[in-house]
Amino acid sequence: MLTLSLSDFTLEHFMQHYWQQKPVVIRQGFKQFKDLISPEELAGLACESDVESRLVYKKRGKWQAESGPFESYDHLGKAGWSLIVQAVNHWSPEVAELVKPFDFLPKWRLDDVMISYSTPKGGVGPHIDLYDVFICQGSGRRQWRVGDKGNHRQFAAHAALLHVDPFEAMIDVELLPGDILYIPPGFPHEGVSLETSMSFSVGFRAKSACDMLSGLADYVIDKELGSNLLSDPGRPIHKNQGQINASDFALIKAHLRSILDDDTLLADFAGSFLSRTKCQLDLQALDEPLEAAELIDTLQQQPLVRTGGLRCFYLDETLSKGVCYIDGERHAFGAKAKAAVRALCDHDRVSHTQLRGGLKIPEFVAALTHWVNAGYWYFEN
């Protein structure tokens, strides 16, 4: 089991002074850290069409990027290239274990575990990310430079690579196996492999207001909500035809705000929106589907394990009704399912005891049986 080791400060200190504020190196954050997947296994994943991957290298001094799946790597040589695979935690239970040491942050903020395999002098160039990342060094060594936030010019070094102009480094460090580099959004950085190496990046995303408003608009349209017309009976005579006066502007704002002030609507949107997965899940549907009674019998013998990368949440506003949100869908099971819903969303492994209240509710049992048969949860044996 991976355990995060902080020798220089506490988690509370990290959250107060570093999280989304400034980068920091955590030496030996994982003691005796070993690669959670081999380079061969990673390369194999990048051959699959359902897995997001890319190769980054230089050709005649110019940056190149290719998107997977890949059939071969023989043409790349022994130096100067990187293979990047997204959401490996969706496909490897061993890699999914890397998420657990960061459970001091909520799962709705988690993006994925990206893995980079780099040959000597390999990297993706200087760039700026719009998410928080914990870069955990696996085998090999990698040199990292991190600059301060500022008005950095970005440009397309390639159609698929957004780079940043040269920057002055505030951190210039060689990461060894088990070291962690935390970088908040907006800080330019560049990593160059000093030898063949593996890096495991645990990313945490935050949605922009634009993304959230766009998602909310789509949700309201799809659910056929917010169709009430703006109403203004008894309004005074308007004198200036071209004017949207202060009272009308206030009326427009109140009309829009009525959507944002509807806590149930907004909770359902947030749960559905944030529980959608960005990348494919490794869903292994059962060849011989279980019946509900078989599911309950098996659950008494062994726990259910959540498939890596599956996003399932609840909100305080709707939990009292037994509501949860699984992979973008809302499910309501009633007040008596509250404890079971919480256990299902809070834990990667759930037992019969934890789900006991929900197992007395036919709708919950039916949904759980469907999820297990579809591969969202599974029995290890």
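Before any of the text, the structure's been laid out above.
What counts and what doesn't
- Residues numbered from 1 in each chain as written.
- Predicted model: local features only at pLDDT ≥ 70, side-chain atom pairs only at ≥ 80, totals over all residues.
- Heavy atoms only, no water.
- Pairing = 2+ DSSP bridges.
- Helix = DSSP H or I, 4+ residues; strand = E, 2+ residues; numbered from the N terminus.
- Axes fitted to C-alpha atoms, helices over the stretch in contact; angles between N-to-C directions.
- Phe/Tyr/Trp six-rings, centres within 6.5 Å; stacked < 30°, edge-to-face > 60°.
- Buried < 20%, exposed > 50% of the residue type's maximum accessible area, 1.4 Å probe, protein only.
- Lys NZ or Arg CZ within 6 Å of the ring centre and 35° of its normal.
- 1 Å grid on protein atoms, 1.4 Å probe; cavity = no way out; pocket = protein on both sides within 12 Å on 5 of 7 lines; lining within 4 Å.
- Points joined across faces, edges and corners; volume = space filled by probe spheres on them.
- Contact = heavy atoms within 4.5 Å.

(A) Representation of the sheet that holds strand 7 (residues 142–147). Taken in spatial order, the three strands line up as 10-7-12 in an open sheet, and their pairing is antiparallel. The open sheet has two edge strands with one neighbour each: strand 10 (169–175) and strand 12 (189–193). Neighbour to neighbour, the strand axes of the sheet diverge by 15° on average, direction disregarded. Where strand 7 meets strand 10, six bridges bridge the pair, whose relative direction is antiparallel. Its bridge partner being in strand 10, Arg145 is matched across the sheet by Asp172.

(B) Representation of the packing of aromatic side chains. Tallied over the entire structure, the rule returns 24 aromatic pairs. With a centroid separation of 6.2 Å and an interplanar angle of 85°, the aromatic rings of Trp19 and Phe204 are classed as edge-to-face. Of this pair, Trp19 sits in the loop between helix 1 (11–17) and strand 1 (24–26) while Phe204 sits in strand 13 (residues 197–204), and the two are 185 residues apart along the sequence. A relative accessible area of 12% means that Trp19 is categorised as buried. Residue placement shows Arg109 over the ring face of Trp108; its charged tip is 5.5 Å from the ring centre.

(C) Broad picture of the layout of surface pockets. By volume, the largest pocket amounts to about 840 Å³. Around the largest pocket, the lining is made up of 39 residues, and of these Arg54, Met114, His127, Asp129 and Tyr131 lie nearest the centre. For the lining of the largest pocket, the elements supplying multiple residues, two or more each, are strand 4 (81–85), strand 5 (110–118), strand 6 (132–137), strand 7, strand 9 (161–164), strand 12 and strand 13. By residue number, the principal contributor to the lining of the largest pocket is strand 5, which donates five residues.

(D) Seen up close, the sheet that holds strand 17 (residues 329–332). Pairing in this open sheet of three strands is antiparallel, and the strands run 15-16-17 from one edge to the other. What marks the edges here is a single partner per strand, and that holds for strand 15 (312–313) and strand 17. One ladder, built from two bridges, connects strand 15 with strand 16 (residues 323–326); its direction is antiparallel. Directly across from Cys312, in strand 16, lies its bridge partner Ile326. Of the strands in this sheet, strand 15, strand 16 and strand 17 are in contact with helix 6 (residues 263–274), which crosses strand 16 at around 30°.

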